[in-house]
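Structure assessment
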Amino acid sequence: MLGASFCSNRRQNSMAHRNSRRSDSTSSTTNRFPPEGTTNEKDEDNLDHFIYKKMESILERMQDPHTGVIVRTVKSFMSKIPSVFTGADLISWILRNLDVDDTTEALHVAHLMGAHGYVFPIDDHILTVKNDGAYYRFQTPCFWLSRSSEPENTDYAVYLCKRTMQNKQRLELADYEAENLARLQKMFSRKWEFIFIQAEAQAKVDKKRDKLERKVLDSQERAFWDVHRPAPGCVNTTDVDIKKTYRAVKPRQINGRIEHLRRQIERRKIKVSKVAESYLSYFEQYMEFDPFITPPEPSNPWISDNTDHWEQESTTKDIPQRRVKRWSFSVRELLKDNAGREHFRRFLEKEFSAENLKFWEACQKLKFTAQNDVETMVQEIYTYLYYGIPSSWSL
């Protein structure tokens, strides 16, 4: 009721000046907010519009008088705060009524609705929702994104100009709003008189309203502009063109795509027999090196008192054939073994390319270097990349 009367009065004020000399420059303010329930046929296939409708269906459930969020009038020190609810009440409702698993996900849903202006804090320009006792309010339907067109700068100028005429203590302009007003006044200097007349007419209509009704409508209009002209550092959700991001995919096309992907998941693109065969060959290759299947030689010194394993690891002489066989599996296996790496180093020295192994070892050492020594270590690694010096690596 409040939102409908508010929008209709705004349209009447705009129509009163339609035939003035400057109507060509302010025609956008005439149809500032379309009637409730009206949508552009072109928007029906718009993915943005589809998402807005999803949010608004949840919002309508939240506003249900029997099962929705409890909205009440709170008594303050010397005044009343009408039509508010707490962030904790909103999060609790989402957890009870939506398919949401935890509080973090519920906060994310509430934040998305707040960022699009459907729910807003009554005393803050930053549209976010917290799970606390702060007060929030629902947006009137005529300000919903699916029912209102993108406002022009002249509309914003009328709004800011009207704010300067009202109660300065309650509706004082923020710093960024004062800067925007000065910028708009300079931009529309030739038609500022007409903008001022419109703002003055709207301010007079607002003064005739009940005090509590005026409070609610002022906060809802402020939230509308916080969505379309957000404070510095806040995301402008109306600027994100989802059509470009998703290549103008229509909702029915999305459902078809989802169904196609589901069928693709059910189809097996890899033969189980081939997978099983590769697994069998892998395990057969490493079977003799698995201590659970084949006893290690020499025995594990942590289980037995035999220390031959440690002595064998410390020397590169008399290496067992079983150990050398594992080097043939891959270069990774060769470099993992200290003895294998040493033999590989000697081979590279004969081929005059030992710097390649040094470069690899320096990169591996960097992974475990303390933060304070990273810069020094990186400089040492870069010495291998300089062309022309003896230690540069060979490509």
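You'll find the structure just up there.
What counts as what
- Residues numbered from 1 in each chain as written.
- Predicted model: local features only at pLDDT ≥ 70, side-chain atom pairs only at ≥ 80, totals over all residues.
- Heavy atoms only, no water.
- Axes fitted to C-alpha atoms, helices over the stretch in contact; angles between N-to-C directions.
- Helix = DSSP H or I, 4+ residues; strand = E, 2+ residues; numbered from the N terminus.
- Parallel < 35°, antiparallel > 145°, perpendicular 65-115°, else oblique.
- Contact = heavy atoms within 4.5 Å.
- Nonpolar A, V, L, I, M, F, W, Y, C, P; charged D, E, K, R; others polar.
- Core = buried A, V, L, I, M, F, W, Y, C linked by side-chain atoms within 4.5 Å.
- Buried < 20%, exposed > 50% of the residue type's maximum accessible area, 1.4 Å probe, protein only.
- Phe/Tyr/Trp six-rings, centres within 6.5 Å; stacked < 30°, edge-to-face > 60°.
- Lys NZ or Arg CZ within 6 Å of the ring centre and 35° of its normal.
- Pairing = 2+ DSSP bridges.
- Left-handed = near helix turned anticlockwise from the far one by under 90°.
- Salt bridge = Lys/Arg side-chain N within 4 Å of Asp/Glu carboxyl O.

Take the packing of helix α17 (residues 338-350) against helix α18 (residues 354-366) next. Where α17 meets α18, the closest approach of the two axes is 7 Å, and the angle between their N-to-C directions is 140°. In terms of axis orientation, α17 runs oblique to α18. Contacts between α17 and α18 pair R341, F344, R345, L348 and E349 from the former with A354, L357, W360 and E361 from the latter. Residues belonging to the contact of α17 with α18 are distributed by class as follows: five nonpolar, no polar and four charged.

Our next topic: the nonpolar core. With 26 residues, the main nonpolar core has L59, M62, L90, I94, Y118 and V119 as its most contacted residues. Setting aside residues no more than four positions away along its own chain, V119 makes contact with L59, F85, L90, M113, G114, V129, Y136, R137 and F138. L160, Y176, I195 and W225 belong to the second largest nonpolar core, which has 19 residues in total.

With that settled, the discussion passes to the packing of aromatic side chains. One pass over the full model with this rule turns up twelve aromatic pairs. Ring centres 5.2 Å apart and planes at 80° place the aromatic pair F224 and W225 in the edge-to-face group. In this pair, the class of F224 matches that of W225, namely buried. Among the aromatic residues, those joined into a cluster by ring pairs are Y279, Y282, F283, Y286, F289 and F329. The residue whose ring lies beneath R229 is Y156, and the NZ or CZ to ring-centre distance is 5.6 Å.

Looking now at the sheet that holds strand β3 (residues 119-121). Read across the open sheet, the four strands follow the order β1-β2-β4-β3; overall the sheet is antiparallel. Because the sheet does not close on itself, it has two edges, and the strands there are β1 (72-75) and β3. When the angles between neighbouring strand axes are averaged without regard to direction, this sheet yields 60°. Relative to strand β2 (residues 80-86), β1 runs antiparallel, the two sharing three bridges. Looking at the pairing, R72 lines up with V84 of β2. Packing of helix α4 (residues 87-97) onto the sheet brings it into contact with β1, β2, β3 and β4 (135-138), and relative to β2 it is tilted by some 35°.

In this section: the side chain of S219. Looking at where S219 falls in the secondary structure, it is placed in helix α10 (residues 211-228). Residue classification places S219 among the buried positions, given a relative accessible area of 6%. With sequence-adjacent residues up to four places away left out, S219 is seen in contact with F120 and R137.

Let's shift gears to the packing of helix α6 (residues 153-165) against α10. The N-to-C vectors of α6 and α10 enclose an angle of 140°; their axes lie 12 Å apart at closest approach. Classed by the angle they form, the pair α6 and α10 counts as oblique. When you trace α6 past α10, the crossing you get is left-handed. The segment α6 lies against α10, with D155, Y156, Y159, K162 and R163 engaging E221, R222 and W225.

You will see that S83, though not glycine, has its phi angle at about 55°, which is positive. Tracing the sequence through the fold places S83 in strand β2. A residue is classified by how much of its surface remains accessible, and S83, at 30% relative accessible area, is partly exposed. One non-glycine residue with positive phi stands out, namely F352, at about 60°.

A few words now on the pairing of β4. In the case of a regular strand, side chains alternate between the two sheet surfaces. Judged from the two bridges that link them, β2 and β4 form a sheet pairing that is antiparallel. Note on β4: the bridge partner recorded for T86 is Y135. Across three bridges, β3 lies against β4 in antiparallel orientation. By the bridge assignment for β4, F120 is matched with R137.

As enumerated under the stated definition, the model contains 17 salt bridges in all. We note a salt bridge from R209 to E213, for which the minimum N-O separation is 3.8 Å. Each of the two residues, R209 as well as E213, counts as buried. Across the pair E259 and R262 runs a salt bridge whose closest N-O atoms are separated by 3.9 Å. In this pair, E259 and R262 both sit in helix α12 (residues 251-266), three residues apart, roughly one turn of the helix. Taking the relative accessible area as the measure of exposure, E259 reaches 38% and is therefore partly exposed. When salt bridges that share partners are traced, they join K162, D206, R209, E213 and E221 into one network.

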